Amino acid sequence: MSSQDSQDIVTATTAIESAPDAKSRRYDRQLRLWATTGQSALESSRVLVISASATSTSILKNLVLPGIGHFTILDHANVSHSDAGNNFFLEGTHSIGKYRAEETVRLLSELNDGVEGSADTRTLKSILESHPEWITSFTIVVAHNLDHSLLRKLSALLWKDSRYPPLVVVRSAGFLADFYIQFHEHTIIESHSETSPSLRIDRPFPALGELALSLEYDTMDPTEHGHIPYVVILVRALEDWKRSHGNSLPKSSEERQKFKKGILALKVKADEENFDEAEAQAYRCWTETKVPSEIAALFSDPALSTEALTADTSPFFHLLAALKEFTEQPDLHALPLTSTLPDMKSDTQKYIQLQRLYKARAEEEKQAFKSYLRVPVNDTVVDSFVKNAHALVVLRGKTWGAFDEDKAALVESLSTMPKETSIHLALSALSLLQASDTSVSPSAESIRAKMQSIVGSSTELPDEADDAIDEIARAPFSELPNTAAFLGGMIAQEVIKMITKQYVPVKGYCVIDLIETSTGTIGA
């Protein structure tokens with residue numbers, strides 16, 4: 001082994017250039033989830049939260065701790081006795097009579113000195129009328145239990161332009177709640193899919209094939225034999241199989257079982273885990289290396305048309321267009337190879353040898369991929385795109401409230417998910433009743449009548465509607481600390497997904513029932 005090999009092995013296995021800085025130590029666990037790219041997106045984000053309710057502050061708590069850049073709470077109300085009793089980010093009776101926004105911002109800011117917080121005590125109505133551009137300057141907007149008419153105006157404003165921020169609408173009463181993320185289009189490169197990228201075992205690239213064919217099992221000592229990476233074992237086993245079976249892959253169940261037994265028969269010691277791994281991963285030999293159907297479907301996206309693809313188009317679609325051209329190569333018809341290898345039983349030298357082969361081939365294919373790009377794209381983004389090409393996601397949403405206006409969709413949802421749809425309709429009914437008369441507490445009868453008016457008189461409400469109506473009528477204006485805490489964690493998680501453009505956010509109305517501790521999604 002050369003000194004260069006030795007250096008690379010040491011570097012790969014023990015490289016620690018310097019001790020982590022304070023920020024890395026503070027955010028260590030979350031950096032493992034969304035890496036520095038996600039953290040950078042969080043730290044440059046500006047979040048607007050409308051209302052300083054217990055739920056809103058619980059959401060913000062779970063955004064301030066991971067380190068968003070800035071948050072503003074918009075709320076003109078003063079702290080009431082009920083606020084002081086259910087909001088952990090108020091100082092009890094000492095906060096009563098003061099502005100809710102100012103009090104909650106002050107206490108939330110103590111959680112993380114790296115986050116900037118501000119309070120705005122103007123009314124949303126006045127801002128919508130005189131300074132709507134102020135709202136559109138944020139990265140994302142969150143609104144909790146907002147007046148129905150104001151919510152309509154806010155939703156319409158943010159839907160006017162696809163460049164405007166997403167809107168997260170949260171509604172809760174007692175132990176029931178729902179939330180909806182309004183967005184035009186959301187593209188995700190790092191979806192963190194559980195689907196593994198192809199290792200090209202069924203179609204090995206030349207260097208990988210040469211390595212596998214160079215194996216001489218008979219001359220290896222037991223230690224060396226027990227540390228051959230399973231990828232190499234499978235490539236060699238498949239080549240040997242094809243030689244004796246007319247160049248065809250194992251097809252039937254019997255053939256596949258025979259292939260697996262052949263792998264295990266290569267063991268020289270019973271405890272050789274690398275051959276056990278190869279047997280467990282044998283399915284990769286007859287899993288065809290091709291473009292996954294969900295990625296192939298993206299190639300038909302209207303955004304890739306000649307008319308739509310301009311210099312102003314999102315880099316994501318330029319990358320997707322290049323990917324489409326790359327996969328149309330006559331000798332490939334596959335996604336670019338990734339240099340990332342899974343963990344496997346091997347010694348350091350063999351693993352790094354294999355990793356180098358994959359890295360060299362991946363670099364070649366990445367350069368070929370880049371040749372299809374028609375506009376300049378940051379190299380870091382290109383690297384991430386190629387690495388995650390097997391799990392790209394494009395989501396397109398609808399404006400908030402469109403579901404409630406689609407009676408056919410509501411009727412279908414009532415038949416397939418009666419409990420979740422009933423809770424959603426009960427919350428919608430409460431919102432409409434509050435908009436028409438804030439002085440009267442809604443009754444079960446008025447909630448039912450309003451739900452019926454939403455779905456239409458010809459549609460019968462299911463039995464599950466009774467429980468939703470009873471809970472809303474019991475606590476129409478109640479904000480329970482445990483409900484607020486649950487919503488805070490759940491919705492902050494979705495906001496982080498939207499900001500970082502990592503992981504796949506909830507699409508549709510996510511309905512929460514904390515009486516039966518269940519969630520469900522409707523109207524996607």
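Above this text is the structure in question.
What counts, and where the lines are drawn
Residues numbered from 1 in each chain as written. Predicted model: local features only at pLDDT ≥ 70, side-chain atom pairs only at ≥ 80, totals over all residues. Heavy atoms only, no water. Axes fitted to C-alpha atoms, helices over the stretch in contact; angles between N-to-C directions. Helix = DSSP H or I, 4+ residues; strand = E, 2+ residues; numbered from the N terminus. Left-handed = near helix turned anticlockwise from the far one by under 90°. Contact = heavy atoms within 4.5 Å. Phe/Tyr/Trp six-rings, centres within 6.5 Å; stacked < 30°, edge-to-face > 60°. Buried < 20%, exposed > 50% of the residue type's maximum accessible area, 1.4 Å probe, protein only. Polar contact = N/O pair within 3.5 Å; in protein donor to acceptor, adjacent residues only side chain to side chain. Pairing = 2+ DSSP bridges. 1 Å grid on protein atoms, 1.4 Å probe; cavity = no way out; pocket = protein on both sides within 12 Å on 5 of 7 lines; lining within 4 Å. Points joined across faces, edges and corners; volume = space filled by probe spheres on them. Nonpolar A, V, L, I, M, F, W, Y, C, P; charged D, E, K, R; others polar. Salt bridge = Lys/Arg side-chain N within 4 Å of Asp/Glu carboxyl O.

S.K.: What should I look at first to understand the packing of helix H21 (residues 418-436) against helix H23 (residues 464-474) in this one?
M.R.: Each pair of packed helices can be described by the angle between their axes along with the distance between the axes. Across the interface, H21 lies against H23 with an axial gap of 8 Å and an inter-helix angle of 35°. Every pair of crossing elements has a handedness; the one defined by H21 and H23 is right-handed. Only Glu464, Ala465, Ala468 and Ile472 of H23 make contact with H21, whose side of the interface consists of Pro418, Lys419, Ser422, Ile423, Ala426, Leu427 and Leu430.

S.K.: Explanation requested: the packing of aromatic side chains in the structure shown.
M.R.: Two measures describe an aromatic ring pair: the distance that separates the ring centres and the angle between the ring planes. Per the counting criterion, the structure on display carries eleven aromatic pairs. Geometrically, the ring pair formed by Trp241 and Phe259 is edge-to-face, given 5.8 Å between the ring centres and 85° between the ring planes. A residue pair is termed long-range when its members are at least 10 positions apart, and Trp241 in helix H12 (residues 230-244) and Phe259 in helix H13 (residues 253-264) qualify at 18 residues. Residue classification places Phe259 among the buried residues on the basis of a relative accessible area of 4%. Where Phe326 meets Phe369, the ring centres are 6.4 Å apart and the plane angle is 70°; that geometry is what we call edge-to-face. With a gap of 43 residues between them, Phe326 in helix H17 (residues 315-327) and Phe369 in helix H18 (residues 348-370) connect regions that are remote in the sequence. As far as burial versus exposure is concerned, Phe326 and Phe369 are alike and both buried.

S.K.: Just checking my understanding: could you explain the environment of Ser130 for this structure?
M.R.: Counting through the fold element by element, Ser130 comes out in helix H7 (residues 124-130). Reaching out from Ser130, the side chain makes a polar contact with the backbone oxygen of Ser126 at a distance of 2.6 Å.

S.K.: Whenever I open this one, the pairing of strand S6 (residues 176-182) confuses me. Can you help?
M.R.: Every other side chain in a regular strand lies on the same face of the sheet, so the side chains alternate between the two faces. Taken across its seven residues, S6 has seven buried, putting it largely inside the fold. Covered by surrounding structure in S6 are Leu176, Asp178, Tyr180 and Gln182 together with Ala177, Phe179 and Ile181, the residues of both alternating faces. As paired elements, strand S5 (residues 167-173) and S6 share seven bridges and run antiparallel to each other. Each bridged residue has a counterpart across the sheet, and for Ser172 the counterpart in S6 is Ala177. The turn linking S5 back onto S6 is made up of two residues, and Gly174 within it adopts a positive phi angle of 60°. In the sheet, S6 pairs with strand S9 (residues 509-513) via five bridges, with the strands oriented antiparallel. Opposite Leu176, over in S9, you have Asp513 as the bridge partner.

S.K.: Please explain the side chain of Thr57 as it appears in this structure.
M.R.: Relative to the helices and strands, Thr57 resides in helix H4 (residues 54-64). The buried category is assigned to Thr57, whose relative accessible area is 1%. Polar side-chain contacts of Thr57 include one of 3.0 Å to the backbone oxygen of Ala54. Not counting residues up to four positions away in its chain, the partners in contact with Thr57 are Ala52, Asn87, Phe89, Thr104 and Leu108.

S.K.: How should I be thinking about the environment of Leu63 in this particular structure?
M.R.: Of note, Leu63 is situated in helix H4. With relative accessibility at 0%, the residue Leu63 sits in the buried group. Considered as a pair, Leu63 and Ala22 are 41 residues apart in the sequence and their alpha carbons are 19 Å apart. The contact partners of Leu63, leaving out residues within four places of it in the chain, are Val47, Ile68, Ala492, Val495 and Ile496.

S.K.: Quick question: what am I supposed to make of empty space enclosed by the protein here?
M.R.: This model, assessed by the stated rule, comprises one cavity of 30 Å³ or more. Surrounding the largest cavity, Tyr180, Ile181, Phe183, Arg396, Gly397, Lys398, Lys507, Gly508, Gly523 and Ala524 form its lining. Tallied by class, the residues present in the lining of the largest cavity amount to four nonpolar, three polar and three charged.

S.K.: Sorry if this is basic, but what is going on with the pattern of salt bridges here?
M.R.: Opposite charge on two side chains permits pairing when their charged atoms draw close. Enumeration according to the criterion identifies 29 salt bridges in this entry. Salt-bridge contacts for Glu103 lead to Arg106; the nearest nitrogen and oxygen are separated by 3.1 Å. Within this pair, Glu103 and its partner Arg106 are both found in helix H6 (residues 100-108), separated by three residues, close to a single helical turn. A salt bridge links Asp240 to Arg236, with the shortest nitrogen-to-oxygen separation between them at 3.3 Å. Note that Asp240 and Arg236 are positioned in helix H12 at a spacing of four residues, about one turn of the helix. On the basis of relative accessible area, Asp240 is assigned to the partly exposed category, the value being 30%.

In short, geometric facts, not functional conclusions.
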